[in-house]
Amino acid sequence: MPKNFIKKYLPSPEKIKQQKLLKIFGSLLHDGNLWHLNRRSARGAFAVGLFFAWMPIPFQMVVSAAVAIPMRVNLPISVALVWLTNPITMPVLFYIAYLVGCVVLRTPLEPFAFEASWDWLAHSIYTIGKPFLAGCLLMGICSAIIGYFVIDWLWRLSVRKAQLGKKLKRKNQPPL
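In this text, all values refer to a predicted model and were calculated from it rather than measured experimentally.

Scoring rules and cut-offs
Residues numbered from 1 in each chain as written. Predicted model: local features only at pLDDT ≥ 70, side-chain atom pairs only at ≥ 80, totals over all residues. Heavy atoms only, no water. Phe/Tyr/Trp six-rings, centres within 6.5 Å; stacked < 30°, edge-to-face > 60°. Helix = DSSP H or I, 4+ residues; strand = E, 2+ residues; numbered from the N terminus. Buried < 20%, exposed > 50% of the residue type's maximum accessible area, 1.4 Å probe, protein only. Patch = residues over 30% accessible without salt bridge, like charges linked within 9 Å, V, L, I, M, F, W, Y side chains within 5 Å. Areas by Shrake-Rupley, 256 points an atom, 1.4 Å probe, with all protein chains shown as cover. Salt bridge = Lys/Arg side-chain N within 4 Å of Asp/Glu carboxyl O. Lys, Arg positive; Asp, Glu negative; His and termini not counted. Charge placed at Lys NZ, Arg CZ, Asp CG, Glu CD. Core = buried A, V, L, I, M, F, W, Y, C linked by side-chain atoms within 4.5 Å. Expected span 1.5 Å × (residues − 1). Axes fitted to C-alpha atoms, helices over the stretch in contact; angles between N-to-C directions. Parallel < 35°, antiparallel > 145°, perpendicular 65-115°, else oblique. Left-handed = near helix turned anticlockwise from the far one by under 90°. Contact = heavy atoms within 4.5 Å.

Novice: Give me the lowdown on the packing of aromatic side chains, citing residues and values where you can.
Specialist: All told, the structure shown has 4 aromatic pairs when counted by the stated rule. Centre to centre, the rings of F94 and F132 are 5.4 Å apart; their planes meet at 80°, and the pair counts as edge-to-face. Residue F94 is found in helix α6 (residues 90–105), and its partner F132 is found in helix α8 (residues 129–172); the two are separated by 38 residues along the sequence. Just as F94 is buried, F132 falls in that class too.

Novice: Any details on a positive patch on the surface? Residues and values, ideally.
Specialist: There is a patch of like positive charges on the surface, built from K166, K167, R170 and K171. In this structure, K171 sits in helix α8.

Novice: Could you give me a rundown of the nonpolar core, with the residues and numbers involved?
Specialist: A42, F46, F52, L75 and I77 are the most contacted members of the largest nonpolar core, which has 36 residues in total. If you list the elements that add at least two residues to this core, you get α3 (39–53), α4 (60–71), α5 (75–81), α6 and α8. Broken down by element, the residue count for this core peaks at 8 residues, all from α3.

Novice: Describe α3, listing the residues and the values that go with them.
Specialist: Between its first and last C-alpha, α3 extends 21 Å over 15 residues, near the 21 Å set by a 1.5 Å rise per residue. Counting buried residues along α3, 13 of its 15 residues qualify, which places the element largely inside the surrounding structure.

Novice: Please give an account of the environment of I77 that cites residues and values.
Specialist: On the secondary structure map, I77 appears in helix α5. Judged by relative accessible area, which is 3%, I77 ranks as buried. Put simply, I77 and G49 are 28 residues apart on the chain and 7.0 Å apart in space, counted from C-alpha to C-alpha.

Novice: Please give an account of a nonpolar patch on the surface that cites residues and values.
Specialist: Taken together, the side chains of I146, V150, W153, L154 and L157 present a nonpolar region at the surface, about 480 Å² in accessible area. By the element assignment, L154 lies in helix α8.

Novice: Lay out the packing of α3 against α4 in plain terms, naming residues and giving numbers.
Specialist: Axis separation between α3 and α4 bottoms out at 10 Å; the angle between their running directions is 150°. With respect to each other, α3 and α4 are oriented roughly antiparallel. As for how α3 packs across α4, the hand of that crossing is right-handed. Of the residues in α4, those touching α3 at R40, V48, G49, F52 and A53 are Q60, V63, S64, V67, A68 and M71.

Novice: Now, about unusual backbone geometry: what can you tell me, with residues and values included?
Specialist: Located in the positive-phi region is R72, a residue other than glycine, with phi close to 55°. Mapped onto the fold, R72 is located in the loop between α4 and α5. Taking the relative accessible area as the measure of exposure, R72 reaches 38% and is therefore partly exposed. Phi is positive for R106, which is not a glycine, with a value near 55°. Here R106 shows up in the loop between α6 and α7 (118–127). Judged by its relative accessible area of 78%, R106 is exposed.

Taken by themselves, the reported measurements are silent on function.
Structure below.
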């Protein structure tokens with residue numbers, strides 16, 4: 001079942017509650033629905049986490065948690081999924097987002113070389129900012145929708161498979 005597979009890789013509620021950045025939510029983190037894992041909470045958490053993974057904002061985990069809490073979706077999944085964009089994957093994924101934004105907005109590709117400076121950032125906002133942000137938003141929305149429906153489908157498939165396995169087991173059992 002996806003539930004057992006997902007639980008195997010999720011951090012424990014205690015570990016997440018100990019995160020300094022998430023302590024701002026205080027007692028809201030004690031809501032049992034945020035830690036419960038079912039089809040509804042998993043598919044919603046995948047949508048939230050995948051959306052915010054594409055957002056080029058600081059503190060993605062906090063923003064993802066701030067959205068997951070009122071939506072009452074699984075908090076560990078939504079927070080963990082923002083780490084798809086980590087220092088290793090971020091350049092590639094954000095460049096893909098920039099390319100998508102250029103295609104959608106029909107703007108030419110601008111040559112650029114990354115520099116870790118405020119001057120470069122200020123200049124880049126005017127040259128590559130619009131296609132980059134448009135691409136991030138579009139990729140976030142598409143990833144959220146696809147993630148939502150894929151998890152829903154996998155969950156349903158797993159439940160059907162388990163039910164079929166139980167039915168076959170009962171059928172093959174010798175009578176008492």
